[in-house]
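Single-letter residue listing:
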Amino acid sequence: MYEEKSPLKKLKIFAQFGLLPLLVFCSVVLIPFLVGLLLSFTSWNGMASQEISFIGLQNYTSALLDASFWDAMGKTLYYVIFVMVLTNVLAFGLALLVTSGIKCQNFYRAGFFTPNLIGGVILGYIWQFVFSRVFVFVGNTFDISFLQTSWLTEPDKALWALILVGVWQNAGYMMLIYIAGLVGINKSLLEASQIDGSTAMQTLLRIKIPMMIPAFTITLFLTLRKAFMVYDVNLSLTQGGPYKSTELISMHVYNEAFLNQNMGIGQAKAFVLFAIVATIAVAQVVILKRKEEDAL
Amino acid sequence: MKKALSLLIVAVLLLSLVGCSSSSSITSSAVTSTSNSTEEKVDITFLVTKPEIVTQFEEVFSRFTQEYPHINISVIPLSGQTIYEKLTSLYASGNAPTITMVGGPEFTAFKDNFLDVSETDFASKVYDWALEKTTVDGKVLAIPTTAEGIGIMYNKTVIEAATGKEFDPSSIKSRQDFAAILEEISQSDYAPVQITNKDWLLGSHLTSVLYGASSSNYEERQKVLAQSATGEYDLTTSDAFNGWMDTFDLLMKYNMNSSSPLANVYEDDQLLMGSDEVAFWPIGNYVYPNIAEVNPNVDVGLMPYPMTDTSGDFGNEEIVLTYSMFAIDAKQSTEAQQQAAIDFFNWLITSENGQDAYINTLVFIPVFEGFNVQPSNPVAQQIVGYMSQGKTIERMSDYFPAGITTEFGATMQQYLAGKLTRDEVAKQFSDAWVSFSNK
């Protein structure tokens, strides 16, 4: 390590190594964020030519008083909870399976990961076909009543269709992280537990899971964020329908800003969403970090 | 050396940032002469907002370029966005299309950006009644693209096979007549009605029938909208609303998909109509090219959506007439580009080849005088007939607040699925009016 003496030299070093990333960060993250924040205090409707006037917190009050906003938020929370739990349970199960030494496990790893390589929009269209044609066909052929009408035409089932597709898409990726966690566990710990005569279940609960808390921190954070921000699958699978019953929060914000032409209110809603997601995500990471320290 | 390099990179980056913000317009010299050969190459862009006929547009552009080799037109597709979203982002990024196709609401929002075409040849051909909507302060800012009708599509082959009698759409003068023929068809093996459950159809096209038939007088209709916006217009006691809902109930009663009315897919609806399996379908003539593709011999037509039980009432013999518009950008295009766009429309509307392309390639229905070529497809001829007899209803959703049509669509989907009563529909409509008008 070397240390620079004069402030000017420090500045020069910073300019050489730090200025470019800083500029990029400012131009693609910080400035748009601040401009967005600014817009949420204006009456702008998205038109380039329109006069922009400041209206204070009015957008925030109308955003917070909008029942449809909280309605979309409620549905999103429901979606997030199920996607988060199911994705992680499934991913963890798959990870255990493909590290247990079964035949062709590398093939299974690749296979389970594949859905993650398909773009959300295309995936939505594929599943739209599956739900509205394949399932209905199967339901009619074998007389299975809950498959006979398309899931996408009933509000509750349509939301579950979204959840299923979300889980299917993300489980493979989370599985990879869990595999890394499982493989990274110190072999001597596992051997010691075997010598002490612990059952497979005891090993899992007492050794593997506690040693994998860092992996859980990452996967829970990723699934939480992905589920809250889901838009592509929502758009291509249900378009918020039937009758707006599956309009999740990102879509609600987008529609408010661009379809209803209320850029100000849309921005305000986006910031409320940002605050909520940031709070939940930070809380989750802090709690799990503490667990990590306990485990070590 | 390293320092110099890093400084250079920083400088380039800063410059590129500055470059983005400055306006990119007015780079090539303005050319105003109209002779073709001496002009330099001009590239213009065209936002095509009808995704189903992008290839037809491209064909028309290549025909145009054969006669005007110095002008190259490239298509900007809508790519799944709404017109409003697309135009907002194109204008905000300084890449406004030279020529835009807009609907009524987008025209109102973007009209300050459009070129005054009052003095051009092609604008003088537009029917006077069609110019009112696009004239602002005496300036014509856009011209109609094509006339489109919304009503109930009928399949003559099916109806005649089901009833054994010849079918004349003008024999249906009221809801009673319509109910009688539906009942007759339901006794046969054919399906009487299909209802498409798309929100643009239910919430925008069909609600245009409702608000358009509320009065034959322009001022009265505007009053209805103004009262709706404040919540004073009571739908439950409105004749237009009840008549409209009565007919909708009738359609629902004979709907072939009534067991799960939200499951049928729009593409399948087109197939069924094209393959002569269903008699009536509330829709617009815009779907005709797709049906003709399924079955070139299809014998379909468009009739009004009946509003009352009494023949002769307003709405029973009128179809909703709607048209989107062509406009030329005035803010971000060079003069040469604007001139090229004007050349294009003069060619399309006034030259023989252009008219041929307009009628036969784009399958458009002219809202222009002096066309030597007339549409050959039967539905288009019907619409020309409705226009010439003045039996048209104004497309009212052009005046609705932004975003409300998807709300109306959601309400009607719920009604279609049997989840709402008529009073609840009225209440949801009224609430939507108030909340969307006050945002």
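Residues numbered from 1 in each chain as written. Chains lettered and ligands numbered in written order. Predicted model: local features only at pLDDT ≥ 70, side-chain atom pairs only at ≥ 80, totals over all residues. Heavy atoms only, no water.

Here the focus is the interface of chain A and chain B. Where interface size is given, it is often the accessible area lost as the parts come together that is meant. Chain A puts 25 residues into the contact, and the matching count from chain B is 31 residues. For the chain A and chain B pair, buried surface summed over both sides reaches about 2,500 Å², with 64% attributable to carbon and sulfur atoms. Counting the contacts that link chain A with chain B gives four residue pairs in polar contact (both at pLDDT 80 or more). Listing elements by their share of the side of chain A that touches chain B, those giving two or more residues are helix H1 (7–17), helix H2 (19–39) and helix H13 (249–259) of chain A. (Contact = heavy atoms within 4.5 Å. Buried area = accessible area lost by both parts, 1.4 Å probe. Polar contact = N/O pair within 3.5 Å; in protein donor to acceptor, adjacent residues only side chain to side chain. Helix = DSSP H or I, 4+ residues; strand = E, 2+ residues; numbered from the N terminus.)

Looking now at the environment of Ala 179 of chain B. Its place among the elements puts Ala 179 of chain B in helix H8 (residues 175–186). If near-sequence neighbours (up to four positions away) are discounted, Ala 179 of chain B is found in contact with Leu 250 and Tyr 254 of chain B.

Right, let's talk about the pattern of salt bridges for a bit. Taken as a whole and assessed by the stated rule, the structure comprises 16 salt bridges over all chains. Across the salt bridge formed by Lys 269 of chain A and Asp 66 of chain A, the nearest N and O atoms sit 2.7 Å from each other. Highlighted residues: Lys 269 of chain A in helix H14 (residues 263–295) and Asp 66 of chain A in the loop between helix H3 (58–64) and helix H4 (67–99), separated in sequence by 203 residues. As far as the burial class goes, Lys 269 of chain A and Asp 66 of chain A line up, both buried. A salt bridge links Asp 246 of chain B to Arg 175 of chain B, with the nearest nitrogen and oxygen atoms 4.0 Å apart. Placement of the pair is Asp 246 of chain B in helix H11 (residues 239–253) and Arg 175 of chain B in helix H8, with a sequence separation of 71 residues. By relative accessible area, Arg 175 of chain B is classed as buried at 8%. If you follow the salt bridges from partner to partner, you end up with Arg 175, Asp 246, Asp 249, Asp 309 and Arg 422 of chain B in one network. (Salt bridge = Lys/Arg side-chain N within 4 Å of Asp/Glu carboxyl O. Buried < 20%, exposed > 50% of the residue type's maximum accessible area, 1.4 Å probe, protein only.)

Put simply, chain A has an average pLDDT of 85, and 96% of its residues get 70 or more. Looking at the elements of chain A, mean pLDDT is at its lowest for helix H7 (residues 145–148) of chain A, recorded as 77, and at its highest for H4 of chain A, recorded as 91. (pLDDT = per-residue confidence, 0-100.)

On to the nonpolar core, then. Phe 46, Phe 57, Phe 178, Tyr 211, Trp 244, Phe 280 and Phe 344 of chain B are the most contacted members of the largest nonpolar core, which totals 144 residues. Looking at this core element by element, the count peaks at nine residues for helix H14 (residues 335–350) of chain B. Counting residues in hydrophobic clusters, the runner-up holds 37 residues, among them Val 80, Val 130, Leu 273 and Val 277 of chain A. (Core = buried A, V, L, I, M, F, W, Y, C linked by side-chain atoms within 4.5 Å.)

Residue and element names in this part refer to chain B. Applying the stated criterion across every chain yields a total of 60 aromatic pairs over all chains. Aromatic side chains Tyr 211 and Trp 433 sit 5.7 Å apart centroid to centroid with 70° between the ring planes, which places their arrangement in the edge-to-face category. Of this pair, Tyr 211 sits in helix H9 (residues 199–212) while Trp 433 sits in helix H18 (residues 422–437); the two residues are 222 residues apart in sequence, bridging distant segments of the chain. (Phe/Tyr/Trp six-rings, centres within 6.5 Å; stacked < 30°, edge-to-face > 60°.)

All names here are of chain B. Taken in spatial order, the five strands of this open sheet run E2-E1-E3-E12-E6, and their pairing is mixed. Every interior strand has two partners, whereas the edge strands, strand E2 (71–77) and strand E6 (143–144), have only one. The sheet contact formed by strand E1 (residues 42–48) and strand E3 (residues 99–102) spans two bridges and is parallel. Counted as the bridge partner of Leu 47 is Thr 100 from E3. Helix H2 (residues 54–67) rests against E1, E2, E3 and strand E12 (325–328) of the sheet, and its axis sits at about 170° to E2. Sheet contacts for H14: E1, E2, E3, E6 and E12; angle to E1, the most-contacted strand, approximately 60°. (Pairing = 2+ DSSP bridges. Axes fitted to C-alpha atoms, helices over the stretch in contact; angles between N-to-C directions.)

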